[in-house]
Amino acid sequence: MKKLLKSALFLAVASILVLFSVAAKVGDAAPDFTAADSNGQQHHLASYKGKYVVLEWHNQGCPYTKKHYESGNMQRLQQEWTAKGVVWFTVISSAPGAQGYVTAGQENDYLKKMHASPTAVLLDPEGTLGHLYAAKTTPHMYIIDPNGTLIYNGAIDDHPTSDASDIASSKNYVSTALQESLSGKPVSEAATRPYGCSVKYKD
Amino acid sequence: MQIPRRILVLILLLTSSFASLAQRINAKHAQLELVSQQSAAVPDGRLWLGVHFILEKGWHIYWVNPGDSGQPPVFQWQLPPGFVAGALQWPRPEKMQHSQMADYGYHDETLLLLPVQTPRQAPKTQRINIGAEAKWLICREVCIPDHAHLQLSVPVAASADDDPKVAPLFIRTKQLLPKPLPTAWRAKAESRGTEIVLTLTTGKSIASAEFFPLEENQIESGAAQAVSAKPMGMQITLQKSDQLLHPISRLKGVLVVSGKAYGVDAPVTGQ
């Protein structure tokens with residue numbers, strides 16, 4: 001009985017710690033998670049150790065997300081990096097009824113229509129994964145290295161506008177970070193201010 | 001007595017030549033106009049311009065540091081030769097909390113100010129034209145980027161009074177601009193682990209204050225700011241942003257104390 005109580009207490013404390021941890025700091029271990037994708041499959045971050053993982057927060061109605069999708073920029077990035085073995089998760093943390101919320105079926109239709117090819121789209125209407133990473137905007141980008149360390153947290157590029165014409169002259173922070181890390185260099189700009197619409201969390 | 005039509009037209013022409021001609025434009029969930037505090041541009045003087053935003057209920061635009069999301073309005077100014085614009089001046093913002101995040105901006109109405117130095121020699125024309133290409137983001141539960149061309153025609157004169165139509169708006173707004181700290185006051189900041197503690201010494205105990213960081217990515221916008229009153233002032237504890245990877249040497253922002261906004265630029269000591 002004592003052992004059971006001890007385990008229960010431990011679990012309670014541990015879960016409280018998880019709830020209050022704002023733990024998405026570059027250089028630290030990326031917070032572990034298990035989340036379901038738009039095909040009903042579960043993805044456990046820890047099982048991707050040995051690979052780079054990109055997290056892309058997404059809201060298809062947000063003008064900043066549209067900038068990167070209507071231009072094909074995000075799709076190009078997804079294709080380029082998944083072809084190089086990077087795992088790319090698009091994450092949707094919009095609450096039901098809020099802009100960006102989609103059912104699994106709607107998201108799969110969107111992916112086909114936009115020719116998007118992330119490894120999977122993680123559906124997070126409760127906002128659990130969003131809050132775990134303190135995702136603020138759409139887009140908001142994170143990169144986890146093969147050791148499970150967070151090596152990038154921030155904006156997709158250096159032109160915080162909703163203007164697709166800015167993409168050509170923009171420095172893409174995600175590609176730069178992946179290129180640097182893959183060639184054994186430290187990431188030169190590891191934490192930038194993410195730009196976009198606020199993530200539409202459940203309140 | 002009926003005023004002859006010719007006289008009426010003459011009166012209209014005369015009064016319009018002495019007035020600034022602003023155009024209020026309709027935008028998405030907002031109206032904008034470019035206005036001037038003074039009724040004319042006086043050579044070797046100062047002309048205060050303002051971009052007046054009138055927002056539909058519930059909609060907001062952003063401060064120079066928008067906070068966790070959003071983007072501030074930006075302007076490209078078109079001024080006549082010899083007219084030199086100073087820095088855009090922002091009234092103190094509101095903090096808009098949502099979930100665990102916060103943005104900084106304005107609801108209902110705001111005026112962003114631009115001081116303009118006029119040339120020593122009067123322009124040859126009787127009126128000057130000022131333009132601005134404005135781009136901004138307006139949000140409520142969704143965000144809409146928008147843009148407009150704003151225009152203002154201002155007469156040139158040897159002297160000018162304030163334009164009574166807009167002077168009250170300028171005066172109200174100028175009271176909301178952050179002022180320099182009084183010379184007797186001291187502000188210093190100390191980095192302590194995940195926090196930055198800002199100490200303000202004024203000579204009197206202060207119970208409440210609010211700090212708006214000027215630079216992005218330094219202070220966690222959505223975090224609570226603990227204020228503790230001290231005999232000679234107060235201390236406010238700010239949470240560092242998770243994105244702050246390197247020490248900062250100065251903390252810049254707007255501190256609101258007893259309803260008044262002050263500009264702070266304090267050295268930061270510690271780790």
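About the thresholds
- Residues numbered from 1 in each chain as written.
- Chains lettered and ligands numbered in written order.
- Predicted model: local features only at pLDDT ≥ 70, side-chain atom pairs only at ≥ 80, totals over all residues.
- Helix = DSSP H or I, 4+ residues; strand = E, 2+ residues; numbered from the N terminus.
- Buried ≥ 20, exposed ≤ 12 C-beta atoms within 10 Å, placed from the backbone.
- Contact = placed C-beta atoms within 7 Å.
- Pairing = 2+ DSSP bridges.
- Axes fitted to C-alpha atoms, helices over the stretch in contact; angles between N-to-C directions.
- Domains from an automatic or database assignment.
- Nonpolar A, V, L, I, M, F, W, Y, C, P; charged D, E, K, R; others polar.
- Arc of directions from axis to C-beta.
- pLDDT = per-residue confidence, 0-100.
- Core = buried A, V, L, I, M, F, W, Y, C linked by C-beta atoms within 7 Å.

**Concerning the overall build of chain A**
In step 1: What chain A contains, in helices and strands, is six helices and nine strands.
In step 2: Among the 203 residues that make up chain A, the fraction classed as buried is 42%.
In step 3: Contacts in chain A between residues far apart in sequence, at least 24 positions, make up 76% of those at least 6 positions apart.

**What about the sheet that holds strand β10 (residues 109-117) of chain B?**
What holds strands together in a sheet is hydrogen bonding between their backbones, with the strands either parallel or antiparallel.
All names here are of chain B.
In step 1: Here five strands make up an open sheet; going across it, the order is β2-β3-β4-β10-β7 and the pairing antiparallel. This sheet does not close on itself; its edge strands, each paired only once, are β2 (25-27) and β7 (84-85).
In step 2: Here seven bridges tie strand β3 (residues 30-36) to strand β4 (residues 46-55), and the two strands are oriented antiparallel to one another. Looking across to β4, one finds that Glu 33 is bridged to His 52.
In step 3: Here helix α2 (residues 167-174) sits on the sheet in contact with β4 and β10, set at roughly 95 degrees to β10.

**Considering the domain arrangement of chain B**
By a frequent convention, interface size equals the accessible area lost on bringing the separate parts together.
Residue and element names in this part refer to chain B.
In step 1: Domain annotation for chain B reports domain 1 (14-174) and domain 2 (179-270).
In step 2: Placing a centre on the C-alpha atoms of domain 1 and another on those of domain 2 gives a separation of 29 Å.
In step 3: With 13 residues of domain 1 at the contact, the number on the domain 2 side is eleven residues.
In step 4: Of all the secondary structure elements, the ones that give two or more residues to the side of domain 1 that touches domain 2 are β5 (60-67), β8 (94-98) and β9 (101-107).
In step 5: Considering each element in turn, the side of domain 1 that touches domain 2 owes the most residues, four residues, to β9.
In step 6: Its residues placed into classes, the side of domain 1 that touches domain 2 shows five nonpolar, four polar and four charged.

**Some thoughts on the environment of Ala27(B)**
In step 1: Here Ala27(B) lies in strand β2.
In step 2: Separated by 64 residues in the primary sequence, Ala27(B) and Pro91(B) have C-alpha atoms spaced 22 Å apart.

**Observations concerning helix α6 (residues 173-182) of chain A**
Residue and element names in this part refer to chain A.
In step 1: When we look at burial in α6, the residues that qualify are Tyr 173, Val 174, Ala 177 and Leu 178. The buried residues of α6 occupy an angular sector of 130 degrees when projected down its axis, which confines them to one face.
In step 2: Close packing links the buried residues of α6 with β3 (53-57), α3 (73-83), β7 (141-144) and β8 (150-154).
In step 3: In the stretch just after α6, Gly 184 is the one whose phi turns positive, near 75 degrees.

**A word on the confidence of the model for chain A**
In step 1: Put simply, chain A has an average pLDDT of 93, and 89% of its residues get 70 or more.
In step 2: Residue range residues 13-21 of chain A is modelled with pLDDT below 50. Its contacts to residues more than four positions away, or to other chains, number zero contacts.

**Focus on the nonpolar core**
Here is a general trend for soluble globular proteins: nonpolar side chains tend to be buried in one another's company.
In step 1: Within the largest apolar cluster, 104 residues are counted, with the highest numbers of intra-cluster contacts made by Val54(A), Tyr142(A), Ile143(A), Tyr152(A), Val174(A) and Leu198(B).
In step 2: Ranked by residue count, the leading element in this core is strand β11 (residues 127-139) of chain B, at eight residues.
In step 3: A domain-level breakdown of this core finds at least three residues from each of domain 1 (14-174) and domain 2 (179-270) of chain B.
In step 4: Once residues within four sequence positions are removed from consideration, Tyr152(A) is found in contact with Val26(A), Met141(A), Tyr142(A), Ile143(A), Tyr173(A), Val174(A), Ala177(A), Val187(A) and Ala190(A).

**Things to note about the sheet that holds β7(A)**
All names here are of chain A.
In step 1: Across the sheet, which stays open at both edges, the five strands sit in the order β5-β4-β3-β7-β8 with mixed pairing between neighbours. Pairing within the sheet leaves two strands with one partner each, and these edge strands are β5 (120-123) and β8. Direction aside, the axes of adjacent strands within the sheet are offset by 20 degrees on average.
In step 2: For β3 and β7, the ladder comprises four bridges, and the chain directions are antiparallel. Opposite Leu 55, over in β7, you have Tyr 142 as the bridge partner.
In step 3: Most of the contacts of α6 go to β8, to which it runs at about 165 degrees, and overall it touches β3, β7 and β8.

**Structural notes on the pairing of strand β14 (residues 186-192) of chain B**
In the case of a regular strand, side chains alternate between the two sheet surfaces.
Residues and elements named next belong to chain B.
In step 1: Across seven bridges, the pairing between β14 and strand β15 (residues 195-201) is antiparallel. Paired with Arg 192 across the two strands is Glu 195, which belongs to β15.
In step 2: Taken together, β14 and the strand that follows it, β15, pair antiparallel across an intervening segment of two residues, in which Gly 193 is found at a positive phi of about 65 degrees.
In step 3: Pairing analysis gives three bridges linking β14 to strand β20 (residues 260-270), with the strands arranged parallel. Looking at β20, one finds that Ser 191 is bridged to Gly 270.

**With respect to α3(A)**
Residues and elements named next belong to chain A.
In step 1: Buried within α3 are the following residues: Met 74, Leu 77, Gln 78 and Trp 81. The arc enclosing the buried residues of α3, seen along the axis, measures out at 100 degrees, which places them on a common side.
In step 2: Where the residues of α3 are buried, they touch β3, α2 (63-70), β4 (87-92) and α6.
In step 3: Of the residues trailing α3, Gly 85 is marked for its positive phi of about 90 degrees.

**Comments concerning the interface of chain A and chain B**
In step 1: Residue-level contacts link 26 residues of chain A with 16 residues of chain B.
In step 2: Those elements that provide at least two residues to the side of chain A that touches chain B are β8 and β9 (197-198) of chain A.
In step 3: A breakdown of the residues in the side of chain A that touches chain B according to their chemical character gives 13 nonpolar, nine polar and four charged.

**Let's talk about the confidence of the model for chain B**
In step 1: Residues with a pLDDT of 70 or more make up 95% of chain B, whose mean pLDDT is 94.
In step 2: Here the predicted complex scores 0.91 on pTM and 0.90 on ipTM.

**Concerning unusual backbone geometry**
In step 1: Cis geometry is adopted by the peptide bond preceding Pro139(A), which originates at Thr138(A) and carries an omega value of -5 degrees.
In step 2: Examined against the element boundaries, Pro139(A) turns out to sit in the loop between β6 (137-138) and β7.
In step 3: A positive phi angle is found at Asp44(B), which is not glycine, with a value near 55 degrees.
In step 4: With a phi close to 55 degrees, Ser99(B) is a non-glycine residue in the positive phi region.
In step 5: Tracing the backbone through its elements, the reader meets Ser99(B) in the loop between β8 and β9.
In step 6: Look at Ser99(B) and you get partly exposed, because 18 C-beta atoms sit within 10 Å.

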